[in-house]
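Listed below are the residues making up each chain.
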Amino acid sequence: MSNTLECPIVVLLGGGVESTSLVSRFLSQQRRVVPVHVHCGLIWDDVETLFVQQFCQARASDNLDPLIQFQIPLAGWLDDHWAVTGNNIPRAGARSHDLEIPLRNLMLLSFALPKVAHLSDFQCALGTTADNSFRDGSRAYFDSAQELLSLEAGRPIEILTPYIQMTKTDVIRETDRDTLAHSFSCVDPRDNQHCGCCIKCGSRQQAFMAAGIDDPTVYADA
């Protein structure tokens, strides 16, 4: 691999606090960032994509490549999952386990790989934090994913997880307000805004409170 500081970083940009913070973090380090956004056809994805596009416009710079976005509909694979049907959407205070989408990180990494194959060298980065208790959220999982993706690509693929020992609250504390205002964390959006009462909005609100930082989010139920 070439000089790490010269190597572009492919950020899987889902629009949340963590992935938007990652983009801003790498840009502040004068790194070249290649944002990749995958629309999976889930009930919040249209609004999530809108936020991602607006964030990239707001952070436009010479070091930020044009947004790479594409669609991989998962409705047929997830069948009657609430993320497809909109039925029984987990509300604030629900178990974090209710948010799990099987194989999500591996799928997103695998989908992104051919879209950045034109890069001679790159690193991948995800905003996974210590709050992620799913099977695909550990450093050991990403180490194994590196090996698998490297075999598939025919060259070394490095996956960075700078926030994996931090909580969402920690990330909020070190992220600028404009980035936070452009982030999106909701699974039941209303009028292109956060609903304010789903499980993701609940954890977002709690994290801002714990961080002692004013929440810049506009909630539809406010």
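Data block above holds the structure.
Note that the structure is a prediction, hence the values are computed from the model and not measured.

Criteria and cut-off values
- Residues numbered from 1 in each chain as written.
- Predicted model: local features only at pLDDT ≥ 70, side-chain atom pairs only at ≥ 80, totals over all residues.
- Heavy atoms only, no water.
- Helix = DSSP H or I, 4+ residues; strand = E, 2+ residues; numbered from the N terminus.
- Buried < 20%, exposed > 50% of the residue type's maximum accessible area, 1.4 Å probe, protein only.
- Pairing = 2+ DSSP bridges.
- Axes fitted to C-alpha atoms, helices over the stretch in contact; angles between N-to-C directions.
- Contact = heavy atoms within 4.5 Å.
- Polar contact = N/O pair within 3.5 Å; in protein donor to acceptor, adjacent residues only side chain to side chain.
- Expected span 1.5 Å × (residues − 1).
- Right-handed = clockwise from strand over helix to strand, strands pointing away.
- Parallel < 35°, antiparallel > 145°, perpendicular 65-115°, else oblique.
- Left-handed = near helix turned anticlockwise from the far one by under 90°.
- Nonpolar A, V, L, I, M, F, W, Y, C, P; charged D, E, K, R; others polar.
- Salt bridge = Lys/Arg side-chain N within 4 Å of Asp/Glu carboxyl O.

### What about unusual backbone geometry?
Unlike most non-glycine residues, N88 shows phi in positive territory, near 55°. Examined against the element boundaries, N88 turns out to sit in the loop between α4 (82–85) and α5 (104–115). Overall, the relative accessible area of 72% leaves N88 in the exposed class. Even without glycine at this site, D191 takes up a positive phi of about 50°. The topology assignment puts D191 in the loop between α8 (177–181) and α9 (199–211).

### Concerning the sheet that holds strand β1 (residues 9–12)
Taken together, five strands build an open sheet; the order of strands is β3-β2-β1-β4-β5 and the sheet is parallel. The open sheet is flanked by β3 (68–71) and β5 (158–160), the only strands paired with a single partner. Strand after strand, the sheet turns through a mean of 25° between neighbouring axes, direction not considered. Both strand β2 (residues 33–39) and β3 contribute to a ladder of four bridges, which runs parallel. In the sheet register, H37 faces β3, and the bridge partner there is Q69. Packed on one face of the sheet, helix α1 (residues 17–28) meets β1, β2, β4 (123–125) and β5 and runs near 160° to β1.

### Quick notes on the side chain of H194
On the secondary structure map, H194 appears in the loop between α8 and α9. The class of H194 is buried, set by a relative accessible area of 1%. Here the side chain of H194 touches S185 through a polar contact of 2.8 Å, landing on its backbone nitrogen.

### Re helix α2 (residues 45–58)
Spanning 14 residues, α2 covers 20 Å between terminal C-alpha atoms, matching the ideal 20 Å at 1.5 Å per step. Taken together, the buried positions of α2 are D45, V47, E48, T49, F51, V52, F55 and C56. Structurally, α2 contributes buried residues whose contacts are with α1, β2, β3 and α8.

### Digging into the pairing of β3
Going residue by residue along β3, you find I68 and F70 tucked away on one face and Q69 and Q71 left uncovered on the opposite face. Traced from β2 through α2 to β3, the parallel crossover comes out right-handed.

### Regarding the packing of α5 against helix α6 (residues 139–153)
The geometry of a pair of packed helices is captured by two quantities: the angle between their axes and the separation between those axes. At a minimum axis distance of 11 Å, the contact between α5 and α6 shows a crossing angle of 30°. With respect to α6, the element α5 is oriented roughly parallel. Crossing angle aside, the handedness with which α5 passes α6 is right-handed. Between α5, through N105, L106, L109, S110 and L113, and α6, the contact on the second element is made entirely by Y141, F142, A145, L148, L149, E152 and A153. Class assignment for the residues of the contact of α5 with α6 results in nine nonpolar, two polar and one charged.

### Description of the pattern of salt bridges
Going through the model one piece at a time under the given rule, you end up with eight salt bridges. For E174, the salt bridge is made with R25, and the minimal N-O distance between the two is 3.5 Å. Of this pair, E174 sits in the loop between α7 (168–173) and α8 while R25 is found in helix α1, placing the two residues 149 residues apart along the sequence. For R25, a relative accessible area of 28% puts it in the partly exposed group. Between R135 and E100 there is a salt bridge whose closest N-O contact spans 3.8 Å. In this pair, R135 sits in the loop between β4 and α6 while E100 sits in the loop between α4 and α5, placing the two residues 35 residues apart along the sequence.

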